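Residue-level listing of the chains:
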Amino acid sequence: MLLKRYIGNTPARLIEFGRPYDWGTLASQLSETKADVLICFAFPALIPQDLLGTFAKGGLNLHPALLPNYRGPHPLHRLAVDGQHAVHGGVTLHKMSADFDDGDILGQVSFSEADWVSLQTLTDSVARAMRALVSEVAPAYCKGSLSGMRQPAGDFVWARLKAAHTMISPEMSIEHVALMWHVLGTVPGIYLDVAGHKVRLGFQIRRLGPPTGHVPVRRWGSVEFDLADGRVRYLTYSRLLKRLVKLHATFARAPVRKSPPEIRLFGKVEDGHA
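Here is what the cut-offs are and how they apply
Residues numbered from 1 in each chain as written. Predicted model: local features only at pLDDT ≥ 70, side-chain atom pairs only at ≥ 80, totals over all residues. Heavy atoms only, no water. Helix = DSSP H or I, 4+ residues; strand = E, 2+ residues; numbered from the N terminus. Buried < 20%, exposed > 50% of the residue type's maximum accessible area, 1.4 Å probe, protein only. Contact = heavy atoms within 4.5 Å. Lys, Arg positive; Asp, Glu negative; His and termini not counted. Charge placed at Lys NZ, Arg CZ, Asp CG, Glu CD. Core = buried A, V, L, I, M, F, W, Y, C linked by side-chain atoms within 4.5 Å. Pairing = 2+ DSSP bridges. Expected span 1.5 Å × (residues − 1). Bend = angle between axes of the 7 residues up to and from the residue. Axes fitted to C-alpha atoms, helices over the stretch in contact; angles between N-to-C directions. Parallel < 35°, antiparallel > 145°, perpendicular 65-115°, else oblique. Nonpolar A, V, L, I, M, F, W, Y, C, P; charged D, E, K, R; others polar.

Chemist: How do you make sense of the overall build of the chain when you look at a structure like this?
Modeler: Scanning the chain for helices and strands turns up 8 helices and 10 strands. Along the first, second and third principal axes, the C-alpha set of the chain runs to 65 × 35 × 35 Å. Out of the 274 residues belonging to the chain, those deemed buried represent 40%. If you take every contact in the chain between residues at least 6 apart in sequence, the share linking residues at least 24 apart comes to 61%. For the chain, the separation between the mean place of its 32 positive charges and that of its 24 negative charges on side chains is 9 Å.

Chemist: Could you clarify how one ought to interpret the nonpolar core in this entry?
Modeler: Among the nonpolar cores identified, the biggest contains 50 residues, and I168 and F225 are the most heavily contacted of them. For this core, the leading source of residues is helix α6 (residues 119–142), giving 10 residues. Each residue touching F225, except ones within four places of it in the same chain, is listed here: I168, L192, L201, P216, G230, R231, V232 and Y234. If you look at the next biggest cluster of nonpolar residues, it comprises 9 residues, including L26, L38, L51 and M96.

Chemist: Would you mind showing me how to read the pairing of strand β6 (residues 197–209) here?
Modeler: A regular strand carries its side chains on alternate faces of the sheet. Here strand β5 (residues 191–194) runs beside β6; their pairing, made up of 4 bridges, is antiparallel. Counted as the bridge partner of D193 is K198 from β6. Between β5 and the antiparallel strand that follows it, β6, lie 2 residues; A195 among them carries a positive phi value of about 55°.

Chemist: How should I be thinking about helix α7 (residues 174–184) in this particular structure?
Modeler: In an α-helix there are 3.6 residues to a turn, and that puts residues three or four apart on one side. Most of α7 sits out of view: 8 of its 11 residues are buried. Along its buried surface, α7 packs onto α4 (75–82), α5 (85–88), α6, β6, β8 (222–227) and β9 (230–236).

Chemist: What is the right way to look at α6 in this model?
Modeler: If you check α6, its first and last C-alpha atoms are 33 Å apart, about what 24 residues at 1.5 Å a residue would give, namely 34 Å. A bend of about 30° at V134 is the largest found in α6. Just beyond α6, the residue with positive phi is G144, at close to 90°.

Chemist: How do you make sense of the sheet that holds strand β1 (residues 38–41) when you look at a structure like this?
Modeler: Strand order across the open sheet formed by 5 strands is β1-β2-β3-β4-β10, with mixed pairing between neighbours. Here the strands that pair on one side only, and so sit at the sheet edges, are β1 and β10 (264–265). Note: strand β2 (residues 59–63) against strand β3 (residues 90–95), 4 bridges, orientation antiparallel. Bridging from a neighbouring strand, L62 pairs with L93 of β3. Each of β1, β2, β3, β4 (105–110) and β10 touches α6; the most contacted strand, β3, lies at about 30° to it.

Chemist: Would you mind showing me how to read the packing of α4 against α7 here?
Modeler: Each pair of packed helices gets described by two things: the angle between the helix axes and the distance between those axes. Where α4 meets α7, the closest approach of the two axes is 8 Å, and the angle between their N-to-C directions is 170°. Compared by their axis directions, α4 and α7 come out roughly antiparallel. Across the interface between the two elements, L76, H77, A80 and V81 of α4 pack against H176, L179, M180, V183 and L184 of α7. Residue composition of the contact of α4 with α7, by class: 7 nonpolar, 2 polar and no charged.

The structure is reproduced here in structure tokens:
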């Protein structure tokens, strides 16, 4: 249902492909599409160069961060955990290479704070940015009017989420924890240490006032605890809450149409020169 919400009535052939990967069979199936370029999003493995070579323009990848920052498998999660969402949040379209997320950058769409106010707005913003990059930047690349820019060398954050990243600490702000719930709350979850027990949090239901200096207190179905700028009460995560969240996401309203996002292009080709 979520997929239908975004692709609508677009005629698209679905090819089911999973582990163990049979790249030869996939290459045969993809060759029937007669496509110029392969576009990838959130695929968990490197696609062989031989397969990419069967496309005239190779492969492009949509990465939900502003490369070269936050390469890796969990960019949205780490952006929220690190509090860097307003700096490096966005979507990048780049060429696929022999390594993860390091190919030449073709185009980027940046996000604002407003794109992160809920999981729904973030999901919609990612889909909207990808739609713009695929419909405008990918054709320009295929036509030869865009060559891309090589990613700079440097020590950039590798976006892999670890268990420690999902733990809430009293040094975090109320706003930061709310952001982490929006992005990590349903999968993989955010957690609080309560008297040596790892308690999974649902969403915030009340601000109780300034920090008290008291330890977290767990009550039936909820827990209250201090953060850097206040004491809050959160629901604890449960099967019922999980079902309600999934139900809400399934039947959520279609995204409100907005003006096309601003795209930053890299490597424009004019009169045969980049």
